[in-house]
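# Examination of the molecular architecture
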Amino acid sequence: MRPDPRVLVVAADDDLAGPLCAGLDALGWRTLTARTLEGGAAAMEDLAFEAALIADPAPGAPAALKARALPRILPVMALSKPGQNAPGADLIMTGPPHPAQLALRLEQLVRGAVAEEEFALRQATFSARGATLEAPDPSSKPLRVLAAGVADRRFLALSNALSASGAEAVAAPTPYTAFDYLHESPFDAAVLWGGEDHAPALSIAAGMKRNTRLFHIPLVLYLRHVTDLNLSELYNRGFADVASPDTPEHETAARIVALARDFRRQKAIRKALEAARGSGLMDADTGLFTRDLFAAHLARVAEGARERGRPLSVCVLRVVYGREVALAREGGWLDRAMPQIGAMVSRLVRAEDTAARLAPEVFALALPATHGAAARLTAERIAAVIGCTAFDAGPERPPFVVEFEVGSAELHPGESPASLLERASAAVGAG
């Protein structure tokens, strides 16, 4: 059976919707098209969409779809004419976007929505135990945008347009100064000047995508002249947007500011989720959820998944009892390694995922909006990374490595959280 569509497209005709839907379908973002807002709302009665895309939205259209989707948070993108506003939309784009660009934006928006849902659930779990998690609070300071490239009339015009939009544009004439600035202070977006040669811009982009701290900063490539660039390749390299030379500077600036504002908001949500580690309720050695706290939260997450029509998977990772681990355990060196292992587990999952220590050498993950096969890949990736790390085994002994057996299970309709965790535990080592 064909899986349910993921994106609702509201468009009056096929001139715009047809190519976009075909492109998204080819990239795995299955679409369903409605000709009217009422038709789209009716489709939402039977289907749980991950996002919505509205062409030339009427006033109130984004808010109407969001309200119909509750309690699921529905990201809404608007395709509008230049200068047309779309209150309530999470992102406004002018002109038909490239499908690869649209898929990238959808992925970011959907992940942000799942993170917001998780924060509300986590807030309730901690409140029930007398701890308070502060709501996400994006900084009120001006947005900071790095403008990297050799000075040029149009590039300077873009910097002025960014300043007029209330953003602080910081100029970096070379890739070296760009990376200096990126490492010295935080930025909400970066716009890279294509110039005569795109190599410097591509070099900066590649370097940022290899850095875990800079990876999520949205990148915009600002073309100096029309070329035969492969847009799919650029978006796959991590560019969030590509601005053509015939796009007015104020419109390009507006697109950059929208990206920067969304990035800052998502960063605030991740920071709020990570604040749970300082609540005093977490495992003292690893900073992960304790067994009892995880059980309580898993029950809430499972109920939330059912209410929102989202998948939920659980993974279990158990230390393999080999000779090296046995010797390390005898000398207490395995216990000494556990804080580092726990820190690695927490860094290798998304902020919206819940990582726990169920037993001294057993970890668990609750992965919202994730199907079973993807969850198992996540657990295997974590196990592989930790398995490549050498831990101290004491004087005159070689370092030891820790390997994991993993198991995963996806929540079935009507299944209890305890049963889900039991199935994931029973699947350990079965793959």
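The notes below deal with the structure included here. Fair warning: this is a prediction, and the values are worked out from it, not measured in the lab.

Criteria and thresholds
- Residues numbered from 1 in each chain as written.
- Predicted model: local features only at pLDDT ≥ 70, side-chain atom pairs only at ≥ 80, totals over all residues.
- Heavy atoms only, no water.
- Helix = DSSP H or I, 4+ residues; strand = E, 2+ residues; numbered from the N terminus.
- Contact = heavy atoms within 4.5 Å.
- Pairing = 2+ DSSP bridges.
- Axes fitted to C-alpha atoms, helices over the stretch in contact; angles between N-to-C directions.
- Phe/Tyr/Trp six-rings, centres within 6.5 Å; stacked < 30°, edge-to-face > 60°.
- Buried < 20%, exposed > 50% of the residue type's maximum accessible area, 1.4 Å probe, protein only.
- Polar contact = N/O pair within 3.5 Å; in protein donor to acceptor, adjacent residues only side chain to side chain.
- Parallel < 35°, antiparallel > 145°, perpendicular 65-115°, else oblique.
- Left-handed = near helix turned anticlockwise from the far one by under 90°.
- Core = buried A, V, L, I, M, F, W, Y, C linked by side-chain atoms within 4.5 Å.
- Salt bridge = Lys/Arg side-chain N within 4 Å of Asp/Glu carboxyl O.

What follows covers the side chain of R144. Tracing the backbone shows R144 in strand β6 (residues 144-148). If near-sequence neighbours (up to four positions away) are discounted, R144 is found in contact with E168, V170, S185, P186, F187, D188, A189 and R264.

Spatially, β12-β13-β11-β16 is the arrangement adopted by the four strands of the open sheet, whose pairing is antiparallel. Looking at strand neighbours, the two that pair on one side only are β12 (354-359) and β16 (404-410), the edges of this open sheet. Strand-to-strand twist in this sheet, taken as the mean axis angle between neighbours without regard to direction, amounts to 20°. Bridging between β12 and strand β13 (residues 362-368) involves five bridges; their strand directions are antiparallel. Across the sheet, residue A355 finds its bridge partner in β13, namely L365. Against the sheet, helix α12 (residues 333-347) touches β11 (312-319), β12, β13 and β16, its axis set at about 15° to β13.

Attention shifts here to the packing of aromatic side chains. Following the criterion strictly, the structure yields three aromatic pairs and no others. With centroids separated by 6.0 Å and ring planes inclined at 70°, the aromatic side chains of F363 and F404 adopt a geometry described as edge-to-face. Taken together, the residues span a long stretch of sequence, with F363 in strand β13 and F404 in strand β16 at a distance of 41 residues. The same class applies to F363 as to F404, namely buried. A centroid spacing of 5.8 Å and a plane angle of 40° characterise the contact between F391 and F400, whose relative ring orientation is tilted.

What follows is about the side chain of D188. Secondary-structure assignment places D188 in the loop between α6 (175-184) and β8 (189-193). Given the relative accessible area of 3%, D188 is considered buried. Reaching out from D188, the side chain makes a polar contact with the side chain of R264 at a distance of 2.6 Å. Filtering out sequence-adjacent residues up to four positions away, D188 remains in contact with P142, L143, R144, I217, P218, A260, F263, R264 and K267.

Taken N-terminus to C-terminus, the directions of helix α4 (residues 99-127) and helix α10 (residues 291-308) make an angle of 140°; their axes are 10 Å apart at the nearest point. With respect to α10, the axis of α4 lies oblique. The way α4 lies across α10 gives a crossing that is right-handed. Judged by residue contacts, E117, E118, L121, R122, A124, T125 and F126 of α4 engage L293, H297, R300, V301 and R308 from α10.

It is worth spelling out the packing of α6 against helix α7 (residues 199-209) at this point. Two elements in contact, α6 and α7, have axes whose closest approach is 10 Å; the angle formed by their N-to-C orientations is 30°. On the basis of their axis angle, the class for α6 and α7 is roughly parallel. Seen from above, α6 lies across α7 with right-handed handedness. On the side of α6, the interface is formed by P175, A178, F179 and L182, while α7 contributes P200, S203, I204, G207 and M208.

For the rest of this paragraph, the subject is the sheet that holds strand β4 (residues 76-80). Think of a sheet as strands paired side by side through backbone hydrogen bonds, with each pair either parallel or antiparallel. An order of β2-β1-β3-β4-β5 is seen for the five strands of this open sheet, with the pairing classed as parallel. Each of the sheet's edge strands pairs with one partner strand only, and the pair in question is β2 (31-34) and β5 (91-94). Neighbouring strand axes in the sheet, compared pairwise and without regard to direction, differ in orientation by 20° on average. One ladder, built from four bridges, connects strand β1 (residues 7-10) with β2; its direction is parallel. Residue V10 lies in a different strand from β2, and its bridge partner there is A34. Across the sheet, helix α1 (residues 14-26) is in contact with β1, β2, β3 (51-55) and β4; its angle to β2 comes to roughly 165°. Sheet strands in contact with helix α3 (residues 61-69) are β1, β3 and β4, and its direction is about 155° off that of β3.

Grouped together as the largest cluster of nonpolar side chains are 33 residues, with contacts concentrated most on F126, F289, F294, L298, L312, L358 and L421. Elements represented by at least two residues in this core include exactly α4, α9 (249-274), α10, β11, β12, β13 and α14 (417-426). Beyond its immediate stretch of four places on either side in the chain, L358 contacts R291, F294, F363, A364 and L421. Within the second largest apolar cluster, 29 residues are counted, among which are C315, V325, A328 and I382.

Right, let's talk about the pattern of salt bridges for a bit. As enumerated under the stated definition, the model contains 24 salt bridges in all. Residue R6 is joined to E50 by a salt bridge in which the shortest nitrogen-to-oxygen separation is 2.8 Å. Here E50 lies in the loop between α2 (37-46) and β3 and R6 lies in the segment before β1, a separation of 44 residues in the sequence. One salt bridge in this structure joins D241 and R105, with 3.3 Å as the shortest N-O distance.

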